[in-house]
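A structural walkthrough
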Amino acid sequence: MREAASASAPGKVIIVGEHFVVRGSMAIVTAIGRRLRVTVESGGDGIVLESSMLGRHHAPLPGQGTAASVSTVLEPYMAVLRSLAARGYSVVPHRILVESKIPPRAGLGSSAASMVAYALAYSAMHGDPLSEEELYSVAMEGERIAHSRPSGVDVTIAVKGGVLAYKRGEEPVRLEQRLAGVTLLIADTGIERQTRDVVEHVLSVAESLGEASNHIYTAADVISREARGAIERGDAERLGLLMNAAQGLLSALGASSLEIETLVYRMRRAGALGSKLTGAGWGGCVIGLFREEEAESGLRSVTGDAAQAFTASMAEEGAKLETL
Ligand SMILES: Nc1ncnc2c1ncn2[C@@H]1O[C@H](COP(=O)(O)OP(=O)(O)OP(=O)(O)O)[C@@H](O)[C@H]1O
Ligand SMILES: C[C@@](O)(CCO)CC(=O)[O-]
Ligand SMILES: [Mg+2]
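Cut-offs used in this document
Residues numbered from 1 in each chain as written. Chains lettered and ligands numbered in written order. Predicted model: local features only at pLDDT ≥ 70, side-chain atom pairs only at ≥ 80, totals over all residues. Heavy atoms only, no water. UniProt positions renumbered as here; feature names shortened; annotations may be inferred. Near = heavy atom within 4 Å. Polar contact = N/O pair within 3.5 Å; in protein donor to acceptor, adjacent residues only side chain to side chain. Helix = DSSP H or I, 4+ residues; strand = E, 2+ residues; numbered from the N terminus. Nonpolar A, V, L, I, M, F, W, Y, C, P; charged D, E, K, R; others polar. Domains from an automatic or database assignment. Donors = N, O, S within 2.8 Å, 3.2 Å for Na, K, Ca; no water. Buried < 20%, exposed > 50% of the residue type's maximum accessible area, 1.4 Å probe, protein only. Salt bridge = Lys/Arg side-chain N within 4 Å of Asp/Glu carboxyl O. Pairing = 2+ DSSP bridges.

Under an unreviewed UniProt entry, the protein has the name Mevalonate kinase and belongs to Aeropyrum camini SY1 = JCM 12091. Database annotation for the protein, UniProt heading Pathway (unreviewed entry): "Isoprenoid biosynthesis; isopentenyl diphosphate biosynthesis via mevalonate pathway; isopentenyl diphosphate from (R)-mevalonate: step 1/3." Per its UniProt entry, the protein bears the Subunit (unreviewed entry) comment "Homodimer."

With that out of the way, let us pick up the site of ligand 1. Around ligand 1, the structure places 23 residues, and the nearest of them are Ser51, Val73, Tyr77, Arg105 and Ser110. At a separation of 3.4 Å, a nitrogen atom of ligand 1 approaches a polar side-chain atom of serine 114. Secondary-structure elements contributing two or more residues to the shell around ligand 1 are helix H1 (75-86), strand S5 (94-100) and helix H2 (110-125). No other element matches H2, which puts 3 residues into the shell around ligand 1. Its residues assigned to classes, the shell around ligand 1 comprises 10 nonpolar, 11 polar and 2 charged. Residue contributions to the shell around ligand 1 reach at least three from each of two domains, namely domain 1 (4-174) and domain 2 (182-312).

Attention shifts here to the coordination of the magnesium ion (ligand 3). All of the protein donors around the magnesium ion (ligand 3) are Ser111 (OG) and His147 (NE2); their distances to the metal are 2.1 to 2.2 Å. Of this pair, serine 111 sits in helix H2 while histidine 147 sits in the loop between helix H3 (132-146) and helix H4 (153-160), placing them 36 residues apart in sequence. Considered together, serine 111 and histidine 147 belong to a single accessibility category, that of buried residues.

In this structure the tally under the stated criterion is 19 salt bridges. Note that lysine 12 is salt-bridged to aspartate 154, the shortest N-O span being 3.5 Å. A residue pair is termed long-range when its members are at least 10 positions apart, and lysine 12 in strand S1 (residues 4-16) and aspartate 154 in helix H4 qualify at 142 residues. Aspartate 154 gets classed as buried once you look at its relative accessible area, which sits at 9%. A salt bridge links arginine 233 to aspartate 235; the nearest nitrogen and oxygen atoms lie 3.5 Å apart. One network of salt bridges, in which partners are shared, links Glu41, Glu50, Arg56 and Arg95.

In the sheet, strand S3 (residues 47-51) pairs with strand S4 (residues 55-59) via 5 bridges, with the strands oriented antiparallel. The residue of S4 that forms the bridge with leucine 49 is histidine 57. In sequence, S3 turns back onto S4 through a hairpin of 3 residues.

Given below as structure tokens:
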């Protein structure tokens with residue numbers, strides 16, 4: 001076993017399909033050029049997590065202390081560790097060092113990226129890095145703690161990277177990204193929320209709507225299928241129109257908020273081809289698809305309302321081992 005190992009995974013933006021993907025509709029998702037890196041070092045007392053964004057957390061090794069002594073931040077990591085132990089990886093005292101460029105609780109997949117990077121680094125420290133399929137299964141154990149009924153889209157994109165058409169329970173399809181002369185703008189409302197809370201709310205609204213929600217989910221699936229075609233044809237105008245329609249459906253199911261709608265309309269007024277929330281909603285991030293020549297005005301349009309705003313590259317590579 002090595003003293004330490006390091007791995008990273010990308011954040012993500014769901015272009016269309018969030019929430020609907022939980023109940024089997026298609027989602028279109030891209031990895032973005034913001035990464036989270038985990039370095040695992042053997043030794044020490046129990047498990048110590050040190051995160052530049054979430055602080056320092058300690059827990060005894062699984063089975064050595066009381067369950068009550070595990071913080072909510074460490075819980076997903078313990079679930080991943082139990083899954084690794086079940087696959088024959090020995091559980092040893094270790095430190096988990098997390099450096100991240102992905103704002104947490106913001107819809108950019110920080111939970112999935114951290115679970116994937118941790119599982120890959122820990123397995124590599126034992127000299128036997130997980131395969132893509134194993135990495136997905138192990139990281140999902142942590143995602144099940146962070147989300148409620150996770151569809152798997154966040155973990156899949158963190159593992160595989162690129163731009164994917166994703167449907168629960170099916171092999172994801174890697175898309176050729178032919179959009180040219182456009183930029184993805186991301187604006188963070190600065191309002192943190194737990195994905196699991198929003199997922200449960202949206203599912204309850206859908207249930208309350210009854211038959212109407214069936215049509216909403218069907219429309220969402222059609223939008224995702226058409227968005228896939230638009231990306232593969234490089235039709236940015238069509239993609240923007242579909243993003244706007246998707247935002248309306250998400251709002252109908254209770255995923256939006258005043259802060260989100262403010263950023264959505266600021267972007268549209270600044271020339272966005274399309275704008276919508278990304279991830280769970282209720283806060284978190286809003287994305288806008290801009291022609292490159294209008295991206296600057298887009299950035300300016302949200303400065304007063306966003307906690308932070310930045311452009312992001314698409315089709316970033318997936319999880320990978322890093323040199324120490
Ligand atoms: N920067 C980080 N450092 C350490 N652990 C992290 C970090 N970001 C996420 N995690 C792990 O993932 C868990 C869930 O993170 P977070 O609350 O951001 O997920 P989320 O609600 O699914 O939001 P998101 O849409 O960003 O995935 C955290 O409790 C922690 O265990
Ligand atoms: C809201 C959701 O669709 C995406 C969260 O990034 C939840 C999930 O698919 O697990
Ligand atoms: Mg998450």
